[in-house]
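# Fold and contact review
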Amino acid sequence: MEKALVFSLGSQEFSVQISAVKEIKEWAKATPFPAAPAFVEGVVNVRGSVIPLVNMAQMMGVSDDNDEKKAIIFLKDDKKIIGFSVSNVTDISDIDEEDFRPLPELSSDNLKYYSNGILSLGGRLVFSVNVASLFEGSLQ
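What comes next concerns the included structure. Computed from a prediction, not measured in an experiment: that's the story for all the values here.

Once that is clear, we can look at the overall build of the chain. Secondary structure summary: the chain contains three helices and eleven strands in total. Each helix (α) and strand (β) of the chain, taken in turn from the N terminus, gives the series β-β-β-β-β-α-β-β-β-β-α-β-β-α. Counting over 140 residues, the chain shows a buried share of 46%. Across the chain, every contact between residues at least 6 apart in sequence was considered, and the portion connecting residues at least 24 apart equals 55%. Accessible surface computed for the chain: about 7,700 Å², of which carbon and sulfur atoms make up 51%. Between the averaged position of the 13 positive side-chain charges in the chain and that of its 20 negative side-chain charges there is a distance of 7 Å.

So this is what it looks like as structure tokens:
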């Protein structure tokens, strides 16, 4: 059994594997970074490390109705850490293999790129985010 961190971007729920999460912090305004892609909010200082902050909703092309960000999820891969601003962190859920569903055929190419599929969590449908794609997409 794995665990997933569930969060919202606007009115939609998403999740990432908890093993990819370095930490979660309250949202803080970033220092703008010149010539960065539009979805990069800037950089933040976390205990002496300068970390890029990415607007996850904007990068993934998700409609973020209220645009209010309340948290930063710091995700890690083998080489780096990137902060992703989100509307809210909801919970940590246990997930099993049978909780996964494939994306519908009508899904956009952008959603197919960033999502592994859909999780069915107690009646809620939550998009499972491919963390490797987030790191690749943030480098564009």
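This part covers the pairing of strand β11 (residues 124-129). Inspection of the sheet shows strand β2 (residues 12-17) paired to β11 by two bridges, in the parallel sense. By the bridge assignment for β11, Phe 14 is matched with Phe 127. Bridge analysis of strand β10 (residues 115-121) against β11 gives six bridges, and the strand direction is antiparallel. Across the sheet, the residue bridging to Leu 121 is Arg 124, located in β11. Between β10 and β11, which pair antiparallel in sequence order, lie two residues; one of them, Gly 122, sits at a positive phi of approximately 55°.

We now examine the packing of aromatic side chains. Under the counting rule described, the total for this entry stands at four aromatic pairs. Every member of this aromatic cluster is reached through a ring pair, and the members are Phe 7, Phe 14 and Phe 127.

Taken together, the six strands give an open sheet; going across it, the order is β8-β1-β2-β11-β10-β9, and neighbouring strands pair in mixed fashion. Of all the strands in the sheet, the pair left with one neighbour each is β8 (88-95) and β9 (100-101). Pairing geometry for β9 and β10, over two bridges, is antiparallel. Residue pairing in the sheet places Arg 101 in a bridge with Ile 118 of β10.

Turning our eyes to something else, we now look at the pairing of β2. Pairing geometry for strand β1 (residues 2-9) and β2, over six bridges, is antiparallel. Across the sheet, the residue bridging to Val 6 is Ser 15, located in β2. In textbook terms, the turn of a hairpin is the stretch between consecutive antiparallel strands, and for β1 and β2 this stretch comprises two residues, one of which, Gly 10, has a positive phi near 65°.

The next point concerns the sheet that holds strand β3 (residues 21-26). With mixed pairing, five strands are arranged side by side in an open sheet as β3-β6-β7-β5-β4. Across the chains shown, the open sheet's two edge strands, defined by having one partner strand only, are β3 and β4 (40-46). Put simply, the sheet's adjacent strands are angled 30° from each other on average, direction ignored.

Conventions adopted
Residues numbered from 1 in each chain as written. Predicted model: local features only at pLDDT ≥ 70, side-chain atom pairs only at ≥ 80, totals over all residues. Heavy atoms only, no water. Helix = DSSP H or I, 4+ residues; strand = E, 2+ residues; numbered from the N terminus. Buried < 20%, exposed > 50% of the residue type's maximum accessible area, 1.4 Å probe, protein only. Contact = heavy atoms within 4.5 Å. Areas by Shrake-Rupley, 256 points an atom, 1.4 Å probe, with all protein chains shown as cover. Lys, Arg positive; Asp, Glu negative; His and termini not counted. Charge placed at Lys NZ, Arg CZ, Asp CG, Glu CD. Pairing = 2+ DSSP bridges. Phe/Tyr/Trp six-rings, centres within 6.5 Å; stacked < 30°, edge-to-face > 60°. Axes fitted to C-alpha atoms, helices over the stretch in contact; angles between N-to-C directions.

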